[in-house]
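So the chains spell out like this:
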Amino acid sequence: MPIRDWYEREMVDGNRSGAFWLLLSLLITFVIVRSITRRIRSDGEGKGVLRDISVGGLHIHHLVYGIGLTLVAGFLEFRFQPDTPWFELLAIVFGIGAGLMLDEFALSLYMKDVYWADQGRTSVDAVLIALMVGGLFVIGTAPLELDDASDSSRLGLAIALGINALLASLTLLKGKIVTGAVGIFIPVVALVGAIRLAKPRSPWARMRYARKPLKQERSKRRFGPRYEARMNRLRDLLGGAPSKPAS
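As the structure is a prediction and not an experimental result, all values here were calculated from the model.

Asker: Describe empty space enclosed by the protein, listing the residues and the values that go with them.
Answerer: Scanning the model with the defined rule gives two cavities of 30 Å³ or more in all. The space that makes up the largest cavity amounts to roughly 50 Å³. For the largest cavity, the lining is made up of 13 residues, of which R34, Y115, G120, R121 and G240 are closest to its centre. Looking at the lining of the largest cavity, the elements that each hand over two or more residues are α6 (121-139) and α12 (225-239). When residues in the lining of the largest cavity are grouped by element, the largest group, three residues, is from α12. Of the residues belonging to the lining of the largest cavity, the class tally is six nonpolar, three polar and four charged. Here the second largest cavity defines a volume of roughly 40 Å³. The residue inventory of the lining of the second largest cavity, partitioned by class, reads four nonpolar, one polar and three charged.

Asker: Please give an account of the environment of G175 that cites residues and values.
Answerer: Tracing the chain through its elements places G175 in the loop between α7 (154-173) and α8 (177-183). Measuring from C-alpha to C-alpha, the distance between G175 and G193 comes to 9.7 Å, with 18 residues separating the pair along the chain. Once residues within four sequence positions are removed from consideration, G175 is found in contact with K199 and S202.

Asker: Describe the side chain of T122, listing the residues and the values that go with them.
Answerer: Topologically, T122 is positioned in helix α6. For T122, a relative accessible area of 18% puts it in the buried group. For T122, the residues in contact, after removing those within four places along its chain, are F105, A106, L109 and Y110.

Asker: Before we move on, can you summarise the nonpolar core with the specific residues and values?
Answerer: Counting six residues, the largest nonpolar core is built from L197, A198, A205, Y209, F223 and Y227. Those residues in contact with A198 that lie beyond four places of it in its chain are K174, K176, W204, A205, Y209, S219 and F223. Core analysis: the second largest hydrophobic core is formed by five residues, Y7, M11, F20 and V138 among them.

Conventions we followed
Residues numbered from 1 in each chain as written. Predicted model: local features only at pLDDT ≥ 70, side-chain atom pairs only at ≥ 80, totals over all residues. Heavy atoms only, no water. 1 Å grid on protein atoms, 1.4 Å probe; cavity = no way out; pocket = protein on both sides within 12 Å on 5 of 7 lines; lining within 4 Å. Points joined across faces, edges and corners; volume = space filled by probe spheres on them. Helix = DSSP H or I, 4+ residues; strand = E, 2+ residues; numbered from the N terminus. Nonpolar A, V, L, I, M, F, W, Y, C, P; charged D, E, K, R; others polar. Contact = heavy atoms within 4.5 Å. Buried < 20%, exposed > 50% of the residue type's maximum accessible area, 1.4 Å probe, protein only. Core = buried A, V, L, I, M, F, W, Y, C linked by side-chain atoms within 4.5 Å.

Okay, here's the thing in structure tokens:
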């Protein structure tokens, strides 16, 4: 079968099968969990199996289960280092745990239940970044072929790596998290992100635009309400629109 042949050639022979199943299970977990939580929200506290779980009046967030699954998968992998198919199975368990944790990333960040508040959109951002970076690992994007480096090219390779790391770091300082993460693997993305304007609340803007009111104003216009509205529409499409006031 073509799909099986592709999987054997690209994933198994390319040592990517673990990352592939981890990424796929993370994505599926996020989709399923968001579907369940949106259903629970529409029904109040949910009905039957699809409901909030409480023990002694304490709401148990699915973040807790995610922590447990990732710890179990990690310990088993580091202890036994199993071969196929147990290796892929542990990757799936780890991906499920990571999906559960990232879906409530905002809870960990703000230390309060902001799942359906405006701040809860941060969880969707975290999942998207994880999927993008994980996808690049699975695809095997390598802007600099380290394995093919000869002795005569190692200096140039090291310089190129340093420049790319600098550009990606600059992009992150400009508040472009997704662009910076992708730029680690694709240098042209890091270059574009480093050249263009920083977001107005980013560390770079605070350091560099304080005495440059024109740039600060341009940044506010580019990343103003219209930009945030477009991004929020995407976040709400994926994760559901907030229904609680900001905490």
